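Breakdown of the fold
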Amino acid sequence: MDEGFSPPLLPNEIQKGLETLRLGRKIHYFQEIDSTNAYAWRLAQEGAEEGEIVVAESQTRGRGRKGRPWFSPPYRNLYISLILRPRMPPIHAPQITLMAAVALAETVESFLSFTPEIKWPNDILVSGKKLGGILTESSCEGERILFVVLGIGVNLNLPEELMPEAIRHSATSLFMVTGKKVDRVAFARRLIQSLERCYEDLEQNGFSPGRWESYFGLRGKRVRVNMGDRYVVGKALGIDADGALLLEDEEGTVEKIISGDVLPA
Ligand code: BTN
């Protein structure tokens, strides 16, 4: 065992003292899998219940947003996918991702002595580098969401030397930031609890941007949004109830941005 080893993410270890009613009562565990999201999707199609979770020690085809790969070496990080069956119209599905970003930010914050940032729409940044990401995939039928697979990847005990050169300038891990090894089981348990609280709040009270915005590092700052075919520059005001980024231009006109990469201007 190398020094980065931390105990496996065994379901019964995570479930010990897990204070949830809906999420994580059933956990599917793999040492290696193609992608926890892909497996959770198959489970959901076969009728898995809301709250079932897939966790893996490593992924051979971990996937990120926009078809990017997600670096998933064994026993260092957390790769987790949750099956949700929210009773909300498909148009509100993006709120699940925003809710999860808050739950993840809260969990990361509880392992730090300072506040992490959310980079719109849902990356978690620490010291300006990406620590975790969220990939939400939904199956809908007409005006109904059949299920949502909420996939979260977080870099926990990854040392810099194991991080691929290509992402070293832009990615980090809790170990790299604090110099301390993280108890991955405790992290997973806290994240599941935080997700259950935030999910219940979303279901009962609807989405309110306030908590998300409290982690939004670029709020009030001049930003540049790369929208693929064009750039927009303006002041980031926050997000609306659908999770669109609100950008104010020089004339005071507010534009809603649905998708794009945001950087300080
Ligand atoms: C992103 O920021 O691009 C999203 C990354 C999401 C990665 C996680 S790891 C667990 C789950 N399984 C996957 O294949 N992807 C998500």
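The following paragraphs examine the structure supplied in this document. (Residues numbered from 1 in each chain as written. Predicted model: local features only at pLDDT ≥ 70, side-chain atom pairs only at ≥ 80, totals over all residues. Heavy atoms only, no water.)

1. Details of the nonpolar core
Ranked by internal contacts, the top residues of the largest apolar core, which has 61 residues, are Phe187, Leu195 and Trp212. Take this core: its biggest share by element is 10 residues, from helix α3 (residues 94-109). Looking at which domains feed residues into this core, each of domain 1 (11-213) and domain 2 (222-264) supplies at least three. In contact with leucine 195, not counting residues within four places along its chain, are Leu23, Leu82, Met99, Ala100, Ala103, Leu150 and Ile152. Listed in part, the 10 residues of the second largest apolar core include Ala44, Val54, Ala56 and Val149. (Core = buried A, V, L, I, M, F, W, Y, C linked by side-chain atoms within 4.5 Å. Buried < 20%, exposed > 50% of the residue type's maximum accessible area, 1.4 Å probe, protein only. Helix = DSSP H or I, 4+ residues; strand = E, 2+ residues; numbered from the N terminus. Domains from an automatic or database assignment. Contact = heavy atoms within 4.5 Å.)

2. Focus on the site of the ligand
Near the ligand lie 20 residues; those nearest to it are Ser35, Thr36, Arg63, Arg65 and Lys130. Contact distances for the ligand include 3.0 Å between a nitrogen atom and a side-chain N or O atom of glutamine 59. Within the contact set of the ligand, an oxygen atom lies 2.7 Å away from a backbone nitrogen or oxygen of arginine 65. If you map the ligand onto the pockets, it falls in the largest pocket. Among the elements that line the shell around the ligand, the one with the most residues is strand β6 (residues 129-141), at 4 residues. (Near = heavy atom within 4 Å. Polar contact = N/O pair within 3.5 Å; in protein donor to acceptor, adjacent residues only side chain to side chain. 1 Å grid on protein atoms, 1.4 Å probe; cavity = no way out; pocket = protein on both sides within 12 Å on 5 of 7 lines; lining within 4 Å. Sits in = over half its atoms within 2 Å of the grid points.)

3. Points about the sheet that holds strand β4 (residues 117-119)
Read from one edge of the open sheet, 7 strands run β1-β2-β3-β7-β6-β5-β4, paired in mixed fashion. Each of the sheet's edge strands pairs with one partner strand only, and the pair in question is β1 (27-33) and β4. Across the sheet, the axes of successive neighbouring strands diverge by a mean angle of 20°, strand direction being ignored. The sheet contact formed by β4 and strand β5 (residues 123-126) spans 3 bridges and is antiparallel. Counted as the bridge partner of isoleucine 118 is isoleucine 124 from β5. Across the sheet, helix α6 (residues 184-205) is in contact with β2 (53-59), β3 (78-84) and β7 (144-154); its angle to β3 comes to roughly 30°. (Pairing = 2+ DSSP bridges. Axes fitted to C-alpha atoms, helices over the stretch in contact; angles between N-to-C directions.)

4. Quick word on the sheet that holds strand β11 (residues 254-257)
The strand order across the open sheet built from 5 strands is β11-β10-β9-β8-β12, with neighbouring strands paired in antiparallel fashion. The strands lining the two open edges of the sheet, one partner per strand, are β11 and β12 (261-264). Each neighbouring strand pair of the sheet contributes to a mean axis angle of 45°, computed without reference to strand direction. As defined by bridge partners, strand β8 (residues 222-226) adjoins strand β9 (residues 231-239) across 5 bridges and the pair is classed as antiparallel. Directly across from valine 225, in β9, lies its bridge partner valine 232.

5. Here we look at the packing of α3 against α6
Between α3 and α6, the shortest axis-to-axis distance is 8 Å and the interhelical angle comes to 140°. The angle between α3 and α6 places the two elements in the oblique class. Considering how the two elements wind past one another, α3 and α6 form a crossing that is right-handed. For the pair α3 and α6, the contacting residues are Gln95, Ile96, Met99, Ala100, Val102, Ala103, Leu104, Glu106, Thr107 and Val108 in the first and Phe187, Arg190, Leu191, Ser194, Leu195, Arg197, Cys198, Tyr199 and Leu202 in the second. Partitioned by chemical class, the residues of the contact of α3 with α6 number 13 nonpolar, 3 polar and 3 charged. (Parallel < 35°, antiparallel > 145°, perpendicular 65-115°, else oblique. Left-handed = near helix turned anticlockwise from the far one by under 90°. Nonpolar A, V, L, I, M, F, W, Y, C, P; charged D, E, K, R; others polar.)

6. A short note on α6
Given 3.6 residues per turn, any residue in an α-helix points the same way as the ones three and four places further on. In this model, α6 (22 residues) spans 31 Å end to end at C-alpha, consistent with the 32 Å of a helix rising 1.5 Å per residue. Among the residues of α6, the N-terminal cap falls to aspartate 183, whose side-chain oxygen and the backbone nitrogen of valine 185 are separated by 3.1 Å. (Expected span 1.5 Å × (residues − 1).)

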